[in-house]
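# Residue-level structure breakdown
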There are 6 protein chains.
Amino acid sequence: MTASYDSGRLDLPFTGICTFGRHPHHPDWSALDCDVVILGAPFDGGTQWRPGARFGPRAIREASTLFAFGHAGAYDHEEDRTFLGPEVRIADMGDADIVHTNTEKSHDNIRFGVEAALRAGALPVVLGGDHSVHIPCIEAMEGRPCHIVQIDAHLDFVDVRHGVTRGHGNALRRSLEKDWVTGLTALGIRNVSSTAREGYEAARAMGADILSVRQARALGPEGIAARVPEGDVWLTIDIDGFDPSIAPGTGTPSHGGFLYYEVLETLRAVAYRSHVVGIDLVEVAPAYDAADTTSILAAQLLLNTLGFVMDAR
Amino acid sequence: MTASYDSGRLDLPFTGICTFGRHPHHPDWSALDCDVVILGAPFDGGTQWRPGARFGPRAIREASTLFAFGHAGAYDHEEDRTFLGPEVRIADMGDADIVHTNTEKSHDNIRFGVEAALRAGALPVVLGGDHSVHIPCIEAMEGRPCHIVQIDAHLDFVDVRHGVTRGHGNALRRSLEKDWVTGLTALGIRNVSSTAREGYEAARAMGADILSVRQARALGPEGIAARVPEGDVWLTIDIDGFDPSIAPGTGTPSHGGFLYYEVLETLRAVAYRSHVVGIDLVEVAPAYDAADTTSILAAQLLLNTLGFVMDAR
Amino acid sequence: MTASYDSGRLDLPFTGICTFGRHPHHPDWSALDCDVVILGAPFDGGTQWRPGARFGPRAIREASTLFAFGHAGAYDHEEDRTFLGPEVRIADMGDADIVHTNTEKSHDNIRFGVEAALRAGALPVVLGGDHSVHIPCIEAMEGRPCHIVQIDAHLDFVDVRHGVTRGHGNALRRSLEKDWVTGLTALGIRNVSSTAREGYEAARAMGADILSVRQARALGPEGIAARVPEGDVWLTIDIDGFDPSIAPGTGTPSHGGFLYYEVLETLRAVAYRSHVVGIDLVEVAPAYDAADTTSILAAQLLLNTLGFVMDAR
Amino acid sequence: MTASYDSGRLDLPFTGICTFGRHPHHPDWSALDCDVVILGAPFDGGTQWRPGARFGPRAIREASTLFAFGHAGAYDHEEDRTFLGPEVRIADMGDADIVHTNTEKSHDNIRFGVEAALRAGALPVVLGGDHSVHIPCIEAMEGRPCHIVQIDAHLDFVDVRHGVTRGHGNALRRSLEKDWVTGLTALGIRNVSSTAREGYEAARAMGADILSVRQARALGPEGIAARVPEGDVWLTIDIDGFDPSIAPGTGTPSHGGFLYYEVLETLRAVAYRSHVVGIDLVEVAPAYDAADTTSILAAQLLLNTLGFVMDAR
Amino acid sequence: MTASYDSGRLDLPFTGICTFGRHPHHPDWSALDCDVVILGAPFDGGTQWRPGARFGPRAIREASTLFAFGHAGAYDHEEDRTFLGPEVRIADMGDADIVHTNTEKSHDNIRFGVEAALRAGALPVVLGGDHSVHIPCIEAMEGRPCHIVQIDAHLDFVDVRHGVTRGHGNALRRSLEKDWVTGLTALGIRNVSSTAREGYEAARAMGADILSVRQARALGPEGIAARVPEGDVWLTIDIDGFDPSIAPGTGTPSHGGFLYYEVLETLRAVAYRSHVVGIDLVEVAPAYDAADTTSILAAQLLLNTLGFVMDAR
Amino acid sequence: MTASYDSGRLDLPFTGICTFGRHPHHPDWSALDCDVVILGAPFDGGTQWRPGARFGPRAIREASTLFAFGHAGAYDHEEDRTFLGPEVRIADMGDADIVHTNTEKSHDNIRFGVEAALRAGALPVVLGGDHSVHIPCIEAMEGRPCHIVQIDAHLDFVDVRHGVTRGHGNALRRSLEKDWVTGLTALGIRNVSSTAREGYEAARAMGADILSVRQARALGPEGIAARVPEGDVWLTIDIDGFDPSIAPGTGTPSHGGFLYYEVLETLRAVAYRSHVVGIDLVEVAPAYDAADTTSILAAQLLLNTLGFVMDAR
């Protein structure tokens, strides 16, 4: 993306077709040739309380236009550096096809998209949808060992309950079961949720390092990052890991969550210490986001995190 | 329910635990002994656009308290008659158990509740949830021949698409396939929807009488009722059959819908001419119902319709 | 009000301090010298369901600026006539003082304001607040015989229940009890409400002519007006007399209400046949009025009605 | 657009990048080769009360996905006919470039887009933005004589006031001044607005036929269409021509507006009698559209009207 | 409550009749036999700005279902402990009867409910309603000496103004006047409010320890708790003690309030040091709570606080 | 303002005509005789994303009534001092006249109002509107040297782009160009925005001291104030300098903003160290402020800041 102000259009944020960050739409997934791809995964059939995360990708794309002013990259005056300059090629794949009433098929279609991204050598960035869309993301990683860093209010570690294995409360259990998943750093976990005591015990037994907001806060961003292995890392960001004050638009808000810089600085530290190989950001539910602050948060965090990740490469 | 004003509590509508119309909660479904039972069916996994109908039962119950002033029945000054007096015993069964990601199991649980109501000889009134909850309602009617009267913007007559058979676009197809369903009068069908031309042709071939809002309006309530058989009738009311002006809080609004008296008078005529054996009212989605007018509409319509149905008996 | 466009300010509707119709604020009630006065009565302690009508006067004033473009009067192209020209002097008295937890004192303060208006020979226009503010309006009319025309979904004719005599469900009972009130024409009454059968019987015994929306619709505006005496009339307009489609922002919406022209044409007919001596418009509750349509309705109706009333004089 | 259900994707309405009706995005305006083009004109600097129509194109595109189920065209069961089949090629041009604080430049950019459409022989459909965007639309029609049919609450016929000539209150004055504009049929005009008596007189002198909602209603759709010349017609649809009950999401709502079928049937009659050469639909303001009903109305009306227009060709 | 997942129902949070935490409803107050009782006090006649707290109990009950997953108690992974296990019996009394326009009678009815709870030896937890409902709570404590811990933005210490003694601005004055109230620790008091300088002086003279948010923050939870006597304590929690960022849904928000852990840790410290004998939580106004975060906060805080209180016993 | 409780009216915050803080309205700008004047500047034609700040003055005035209880001044218990006592005379000038589509004229009218205030020796407090209204404020300061202290998420330092010089992204560039502006302290600047790297460099070259939230936080209020010259200072407060958690109602929210006490204490320190000669507070957009918390923040901050400024004199 080059600066277009003087030669071309002004392209104010409220104009135009909403792709992520105004980057080009690549509906042909067999011919992806870029560094980062955005894939919408608008499935919310796994929610246990308020639905609506199916409109998350659409809302995050719309919010992302606020940060796409046509500059040549994003200048950060605190770092005095420009991120995501023209050398970083980003594309928007559009959305995985969702089949209502059919969780397996919807998940398969998401997996198919993530696999296409990985095959093309691009960093997949998946926009949920509820947290269950994390499951096909990790399934697409088959054969690629990675550690998972989770930002979340809830551990989502239910094994199976009433036969349910692919709801948003099962997400991390499903991924930690995989051979190619080497461990989990879970950040922000707090208060009562669908995961009972046994879930925590099982998670720890399977390699999870679980930190509450207060515990993570005490360690600080660098302290947290130091507990994450230096190799390949998949980031799974449930927006309800943030405090409801800045992320009200989500299915199951939980008070006492992270504030903005806490997560930003943690992800920055992880991006430079480890090697981020994929991201999913889930549970943005626009119907509960009266001022769009939650989708703005998702877009702002993703663009900054992508800046760090691509700069670290 | 007897008038409690002077001896007991004032019980203003904003007070108290929200059961439907403040009628008693009967969580034990094996011991239902009453004339009418309310069953919540908070499943919205079948929606193709905006979800949220899972909160329909809760919103309709809350709205219904507005019409439960503690009088001995509901006095209608236009008819100079009191409906739903103390001789009509109404109970609230609570909700069918819903299993996220599992449409079949959720539908089975709804069917189980409707069967309990029918077995007890009570009139089942099912609060959706999306229109797919109509499918288990009709499955519970197995062995009890009935005609269906549908109020709806959409015909919901998709057979199977991408393997989906129990979404909200398949509802009436599924019920009309049943041996014990003798026909369908579909009212309010309009504009483009998920049902294509072939769906209309199939419906007519299977015994459907399809009327748009304009066609129904031309016939008038009595004219419509005259096209419905006099025997047992199941009413399935999709709130989007109404105009978005009075029913904005629904997943897929369609302009040009019915106004209040059109449906009220039609259901009144059907109630007295035919024999209503069950009701489902679906697709109330509170997240899009800023002033609660949609849930108030659902409650007001149900209470009045129940008055007619029970009076006709 | 003279046209100020070329000599002075443009005064777009979103600018300026919000008095009713941008008319001057007259906080000194002892020196009112004008034809019409607006008095806010922001009391909602009489509501039985959703409160918030205390913000009605503020919202109606704000909405009224939309119709105050600085023209010399309001030109109506359908009538090819200009209403409320500079010869009609209108002032905004501000609000009656409200004392929370004390209904009597609050009502007394409203009565005090209406009396000041009447003493000054001005037409009082009272903005509620809930319908209980009608009671002090009529009390201020002591010694001035009048008939009441009510637009409302509910008859509000409860005598006393649990000791309550000045709630919004008692309003018309309280006024019809007065010696100086000669009768009542109640329009739009429908569905279940806090008034039971005995209330209707009492009302008829005390001189009430009660018409539902459907009954009034069958008569037409002129037919309705013909049932109203030709002498002095007080108009009490509960915004819930209108349909919830255009008046969602009210405490107790009731479907099947009047549409805009039905009320406008009825009030027009009454204004020219009878002699309107006072108006209260109540139950606008902005917290439930997402698009401000209800307060716009109130302002639009009042300005048009005032045009008719002042033209008829 | 061919049906893709079995061979390809299900493409539920909540998925994918939002172009109008999911039709292809053609950002290269020099190479338009299709029958109908959609152009966003997100300018709202001309509003006199509530702004926000700049987000109209985005909201209408999103709503239009509800009616884009992947069928081969839109089947209308009332007409038993399929509209907008694969033979009608539709494209979305994206938005005209808007320059904040500069009305002239923004209007020029809109004109540039409409000219590109006309040059390519495509039917331009412009999504506002406020009603001032109608001005560049008609400027682009230079050299192509046409009559204008306006659906609107307000006549928008202010000449110049405080120097303003291109606000939304000046729109029709500006177009009727053009040599190539042969006349105006204004439908729905009602109540007080920024146009004073002189504006009405000037409009009539310049060839305007002005009908209020009640006057238009008395004529009926065919009666109205009969007053429109049979030649080329440009449709300008201000969403506030509709009643606030179905179009709350607009800057300056006015009660007593048109209902859905009234406009639909009028536009249908005009489409078959006259020859529609361009359309603008303006003043959808999503910030005031809590349930998206206004943008759904715009999308539903446009898709149906386009069906009639293309079928009539 | 025992875990029901495998033997019984899944009972997702969006299903079922809303009692507090899904605990049983005990409408017969003469036969309460449990450890904790919830009583709704939906009175908001004492508010001085935005009303609506009458819907607080209903909203808090609904939000509480999010934390009632059917586990056997609430597992807290930070403490590695399970609170509110099956040995703690909780019941929902429903609501006190409210009489509109009559503050005294409404307060008496609340007092009656609290007395019933105390008589039964259960811990009363009262859900407001506005802060005036604290007055009858403390009146019910007659004969039981206690200290009061208040979380609040406002001191609520007006004696009498215009005759008002039982508004929400009088609450703590009324309770501190009682013989059986031994003192007050007021936390979070800040900014201008209805209490003037004399109110602060009177409060201190009557035994109040008043700390602003900044003063309390400087002391820390343990430092605050050390200022509270070790004996019996009544907690009165005005939700506006919290910051508007997490508690927007309240009548009179005041910026600069407490964050979640500050209050949670303070109440935890008080619960273990002193002996909590009753709780009221007031001023949740759902009409201003777009994303339900305020009612979620109330439910989350109450459930955690009850866990500490019952564990401390 | 003297206490009126016992002799006069109670004047609860929800009553009465909304001037700022209930102070008198002075529409005659040639005869201002007071210490502080409030001027509305409802212009939002300069916004690049979400408009609506034109309704900012109206919303801030309404919110300010919450803090106007009729006390004689505002008692601050943390300082044990009363601010803004009767010796401080405050008046509300109403709004500058705004001409839609004409930025220059609108800005001129704002400048005219600020000049009137300065000429009268009153402290001007301007309520935006978008940040472009800062430009005429500083133009009115011609001949009065001052330093600018800016609270903002965005530097707003674009010189000219597509010819635009008076949009909200140009505001500080325009003022820093003035001879009489001696420097800028910009606080809270963060994340990507319309100002590119060159803008930052130009700002620094022109005398700007730019601090991000994190940088400012590290310095603390006194540390920041120490960087501001001791002479005359104009405060320009963009509400988006605050965190979206407490200021969601703004056009372009940016996460990671200031919390309440950070700004309050900084402005307090500046008020006592330097000499505040004017204030503008901009970008409050009520359409995105579901619970009014943003306008409450603006009113609360302004009233407290005015207390410090006037006390420092």
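The structure displayed is predicted, hence computed values, not measured ones.

### Comments concerning the interface of chain A and chain F
With 37 residues of chain A at the interface, the matching set in chain F holds 35 residues. Roughly 3,100 Å² of surface becomes buried between chain A and chain F when both sides are summed, with 60% attributable to carbon and sulfur atoms. Together, Tyr-75, His-77 and Tyr-261 of chain A form the three largest contributors to the area buried by chain A at its contact with chain F, with a combined 22%. Scanning the region where chain A abuts chain F turns up 4 salt bridges. Taking the shortest distance from any N to any O, the salt bridge between Glu-265 of chain A and Arg-214 of chain F comes out at 2.6 Å. Linking chain A with chain F are 13 residue pairs in polar contact (both at pLDDT 80 or more), by the criterion used here. Mapped by element, the contributors of at least two residues to the side of chain A that touches chain F are helix 1 (56-64), strand 2 (74-76), strand 3 (81-83), helix 7 (260-273) and helix 8 (293-312) of chain A. The leading source of residues in the side of chain A that touches chain F is helix 8 of chain A, at 5 residues. Residues of the side of chain A that touches chain F, tallied by class, amount to 19 nonpolar, 10 polar and 8 charged.

### Remarks on the packing of helix 1 (residues 56-64) of chain C against helix 8 (residues 293-312) of chain C
Residues and elements named next belong to chain C. Look at helix 1 against helix 8: their axes get within 8 Å of each other, and the N-to-C directions meet at 65 degrees. Here helix 8 runs roughly perpendicular to helix 1, going by the angle between their axes. Helix 1 and helix 8 meet at a crossing whose hand is right-handed. Contacts between helix 1 and helix 8 pair Ala-59, Ile-60, Ala-63 and Ser-64 from the former with Ser-295, Ile-296, Ala-298, Ala-299 and Leu-303 from the latter.

### As for the sheet that holds strand 8 (residues 208-211) of chain A
Two pairing modes exist for strands in a sheet, parallel and antiparallel, and in both the strands are linked by backbone hydrogen bonds. Residue and element names in this part refer to chain A. With parallel pairing, 8 strands are arranged side by side in an open sheet as 4-1-5-10-9-6-7-8. Among the strands making up the open sheet, the edge pair consists of strand 4 (90-95) and strand 8. In this sheet, neighbouring strand axes are inclined to one another by 15 degrees on average, regardless of whether the strands run parallel or antiparallel. Bridging between strand 6 (residues 146-151) and strand 7 (residues 181-187) involves 6 bridges; their strand directions are parallel. Its bridge partner being in strand 7, Gln-150 is matched across the sheet by Ala-186. Strands strand 7 and strand 8 of the sheet are contacted by helix 6 (residues 213-225), whose axis makes an angle of about 115 degrees with strand 8.

### What to know about helix 1 (residues 56-64) of chain E
Buried residues dominate helix 1 of chain E, accounting for 8 of its 9 residues. Check the buried side of helix 1 of chain E and you find it contacts helix 1 (56-64) of chain B together with strand 1 (36-41), strand 4 (90-95), strand 5 (123-128), strand 10 (275-282) and helix 8 (293-312) of chain E.

### Focus on the side chain of Arg-173 of chain E
All names here are of chain E. Tracing the sequence through the fold places Arg-173 in helix 4 (residues 171-176). Look at Arg-173 and you get buried, because its relative accessible area is 14%. Leave out the neighbours within four places in its chain, and Arg-173 touches Asp-156, Phe-157, Val-158, Asp-159, Ala-202 and Met-206.

### Quick word on the UniProt feature "binding site: Mn(2+)" (unreviewed entry) in chain A
Residues and elements named next belong to chain A. This chain's UniProt record puts "binding site: Mn(2+)" (unreviewed entry) on His-131, Asp-152, His-154, Asp-156, Asp-238 and Asp-240. The greatest C-alpha distance among the annotated residues, which extend across 110 residues, is 12.0 Å, indicating that they converge on a single site. Within the secondary structure, Asp-156 is located in the loop between strand 6 and helix 4 (171-176). Under the relative-accessibility criterion, Asp-156 is labelled buried at 5%.

### A look at the interface of chain D and chain A
Of the residues lining the interface, 28 residues belong to chain D; the matching set on chain A comes to 28 residues. For the chain D face of the interface with chain A, the top three residues by lost area are Phe-14, Ile-17 and Arg-58 of chain D, together amounting to 34%. Applying the counting criterion to the chain D and chain A interface returns 4 salt bridges. A salt bridge links Arg-58 of chain D to Glu-62 of chain A; the nearest nitrogen and oxygen atoms lie 3.8 Å apart. Remark: the boundary between chain D and chain A carries 12 residue pairs in polar contact (both at pLDDT 80 or more). The set of elements that each furnish at least two residues to the side of chain D that touches chain A consists of helix 1 (56-64) and strand 4 (90-95) of chain D. The residue makeup of the side of chain D that touches chain A, split by class, is 12 nonpolar, 7 polar and 9 charged.

What counts as what
- One numbering rule holds for all chains: residues counted from 1, following each sequence as written.
- Both sets of labels track the order of writing: A upward for chains, 1 upward for ligands.
- Given that the model is predicted, a residue must reach a pLDDT of at least 70 before its local features are reported, and side-chain atom pairs must reach 80 or more before they are shown or counted; all residues, however, enter totals for whole chains, interfaces and linings.
- Water and hydrogen atoms were dropped before computing side-chain values, which therefore reflect all heavy atoms in the structure.
- For this analysis, residues touch if any pair of their heavy atoms sits within 4.5 Å.
- As used here, buried area is the combined drop in accessible area, with a 1.4 Å probe, of two parts when they are placed together.
- By salt bridge we mean one thing: a side-chain nitrogen of Lys or Arg within 4 Å of a carboxyl oxygen of Asp or Glu.
- Within 3.5 Å is the distance limit for a polar contact, defined as a pair of N or O atoms, with the added protein rule that one can donate a hydrogen and the other accept it, and that residues adjacent in sequence qualify only through two side-chain atoms.
- For helices the rule is a DSSP run of H or I covering at least 4 residues; for strands it is a run of E covering at least 2, with both sets numbered from the N terminus onward.
- Here the term charged refers only to Asp, Glu, Lys and Arg, the term nonpolar to Ala, Val, Leu, Ile, Met, Phe, Trp, Tyr, Cys and Pro, and the term polar to all other amino acids, Gly among them.
- Orientation is described by lines fitted to C-alpha atoms, with helices fitted over the stretch in contact, and by angles between N-to-C directions that extend from 0 to 180 degrees.
- If an angle is under 35 degrees, it is roughly parallel; if it is over 145, roughly antiparallel; if it lies from 65 to 115, roughly perpendicular; otherwise it is oblique.
- By convention, the crossing between two helices is left-handed when the near helix turns anticlockwise from the far helix through less than a right angle, and right-handed when the turn is clockwise.
- Each pair of strands is called paired provided DSSP finds at least two bridges between the two strands.
- Any residue under 20% of the maximum accessible area for its type is buried, any over 50% is exposed, and the rest in between are partly exposed; the area is computed with a 1.4 Å probe on protein chains only.
- UniProt positions are given in the numbering used here, feature names are shortened, and annotations may be inferred rather than shown by experiment.

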